[in-house]
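These are the residues of each chain, in order.
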Amino acid sequence: MESRAAGQPASRAGAARRDRPAVRRLVDLRALTRPEAALADAVPFAVGGLALTDPQVKAVLLLSLAGVLLSVYGRLLDAVVGVDVDRINPARQRSPLVQGRVAPGWVAGWAVLTGLAVAAGGWLWAASLPARIGFVALVGLRAWLTLSRRRTWRGTRRGTRGGPPLPSLLVAATVAGGLPLGVAAAGGKAGVGVLVLTAGFGLAALVTDWTVDDLRNLPTDRVCGGRTPALATGVYLRRPRGFVFSRRYAAIVLTAQIGLVVAVSATGGLALAAGPAGAALAPAGPGGPVAVAPVTPGTAGGHASLAGRGLAAAAAVLAALVATAGLVRLIRSGAPGLDPIRSPRPHGGGFVLANLLACQLASVAWLLTEPAGLPLWALLPAVGGWVVGLPLRLQAGRAGSG
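So, here is what we can say about the structure in this document. Keep in mind that this is a model prediction, so the values were computed, not measured.

This paragraph deals with unusual backbone geometry. Put simply, Arg 239 and Pro 240 share a cis peptide bond, and its omega is 5°. Positionally, Pro 240 belongs in the loop between strand E1 (236-237) and strand E2 (243-244). In the Ramachandran plot, Arg 34 falls in the positive-phi region, its phi being about 50° despite a non-glycine side chain. Here Arg 34 is to be found in the loop between helix H2 (22-33) and helix H3 (35-41). Unusually for a residue other than glycine, Ala 335 sits at a positive phi of about 50°. We classify Ala 335 as buried; its relative accessible area is 1%.

Set out below in structure tokens:
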């Protein structure tokens with residue numbers, strides 16, 4: 001009797017899922033993928049495709065698609081593996097998996113398909129063997145990170161301690177690593193500018209993970225044994241709303257944010273310093289200098305105007321400073337809008353958008369060192385991404401989807 005009564009709700013939920021139209025299930029799947037975040041995660045891949053002296057539309061579109069699919073793959077895996085934890089997370093109660101509107105196996109199937117699409121597509125299309133291996137490695141790394149997080153939760157229930165917050169560093173690497181991978185996949189060779197800008201994208205991802213994501217999940221991570229910087233440095237909920245931040249936590253987060261400002265400023269400096277001498281500093285290949293625009297800027301007469309590069313670089317630094325000010329205000333206020341229990345409409349992550357804008361503007365300044373200038377069609381994906389992604393992100397914040 002007891003087992004039948006316990007199994008009845010599950011069978012009813014399964015029948016309800018089967019009766020749902022396919023369109024409704026796809027809408028629920030779309031909510032799990034967080035499309036506004038997937039568009040942001042694809043930016044480094046697109047920048048890598050544009051970083052050649054003669055960027056191709058096909059290459060940029062394929063790399064952008066790879067970035068979106070890799071982000072979708074990781075988020076679907078996280079949703080499936082973490083569904084038990086999400087059931088006790090106040091910030092995840094609107095999840096279709098938590099509410100039983102979609103089956104975990106169905107979501108896992110879509111995750112496998114997207115991961116295979118990235119790995120197989122990258123292997124077939126990339127211009128070099130290291131780039132092909134890179135696509136496969138990114139897919140494998142995301143899967144390993146998700147499974148290792150599940151083992152940490154299980155170990156906590158058995159009384160063992162969770163590991164250090166290394167996974168957040170590796171997740172940021174899977175996002176920012178799209179830039180050098182995109183350069184290599186399109187047939188170029190990464191230089192100093194690639195590494196500096198990659199560091200900027202990676203630090204932006206880390207700041208987002210250590211603030212908005214970790215704070216909204218803090219009560220659940222404490223119960224389940226998560227080892228985030230917030231928990232490791234003693235951050236806890238306060239009354240009536242918000243958090244009490246330790247000096248160590250503030251130092252860690254602000255150091256990462258300052259590092260982003262430095263990376264954005266250095267990228268702008270590289271763009272402004274590009275001149276006729278830049279070609280002499282480029283590594284030479286069999287056919288001359290390697291064809292990566294920020295490394296081989298070409299002749300001064302072929303450059304985009306200094307004013308254009310200066311404007312983009314200055315705007316990037318300004319956006320990064322605005323984001324830093326927003327982050328400082330967030331920490332000083334105790335982040336009441338990110339309280340997952342007592343804030344009905346989570347907000348306070350506006351600095352995340354400013355950081356993304358700073359990295360994008362720094363990318364524009366860096367790409368304008370190309371002799372032919374940044375092609376006009378390259379601006380369309382960026383404008384389209386903001387037109388589509390900004391309303392989605394604002395809508396997600398109002399809905400409290402976390």
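Glancing now at a nonpolar patch on the surface. Taken together, the side chains of Trp 123, Leu 124, Leu 129, Ile 133 and Val 136 present a nonpolar region at the surface, about 500 Å² in accessible area. Only helix H7 (104-125) and helix H8 (129-157) provide two or more residues apiece to the nonpolar patch. If you tally residues by element for the nonpolar patch, the top one is H8, at 3 residues. Structurally, the position occupied by Leu 129 is in helix H8. We classify Leu 129 as partly exposed; its relative accessible area is 47%.

A separate point is the packing of aromatic side chains. Across all of its chains, the model carries 3 aromatic pairs by this definition. Note on Phe 243 and Phe 245: the rings are 6.0 Å apart at their centroids and 25° apart in plane angle, and the pair reads as stacked. Side by side, Phe 243 and Phe 245 carry an identical accessibility label, which is buried. Three or more aromatic residues link up through ring pairs in this structure, and these residues are Phe 243, Phe 245 and Tyr 249.

Parameters and conventions
Residues numbered from 1 in each chain as written. Predicted model: local features only at pLDDT ≥ 70, side-chain atom pairs only at ≥ 80, totals over all residues. Heavy atoms only, no water. Helix = DSSP H or I, 4+ residues; strand = E, 2+ residues; numbered from the N terminus. Buried < 20%, exposed > 50% of the residue type's maximum accessible area, 1.4 Å probe, protein only. Patch = residues over 30% accessible without salt bridge, like charges linked within 9 Å, V, L, I, M, F, W, Y side chains within 5 Å. Areas by Shrake-Rupley, 256 points an atom, 1.4 Å probe, with all protein chains shown as cover. Salt bridge = Lys/Arg side-chain N within 4 Å of Asp/Glu carboxyl O. Phe/Tyr/Trp six-rings, centres within 6.5 Å; stacked < 30°, edge-to-face > 60°.

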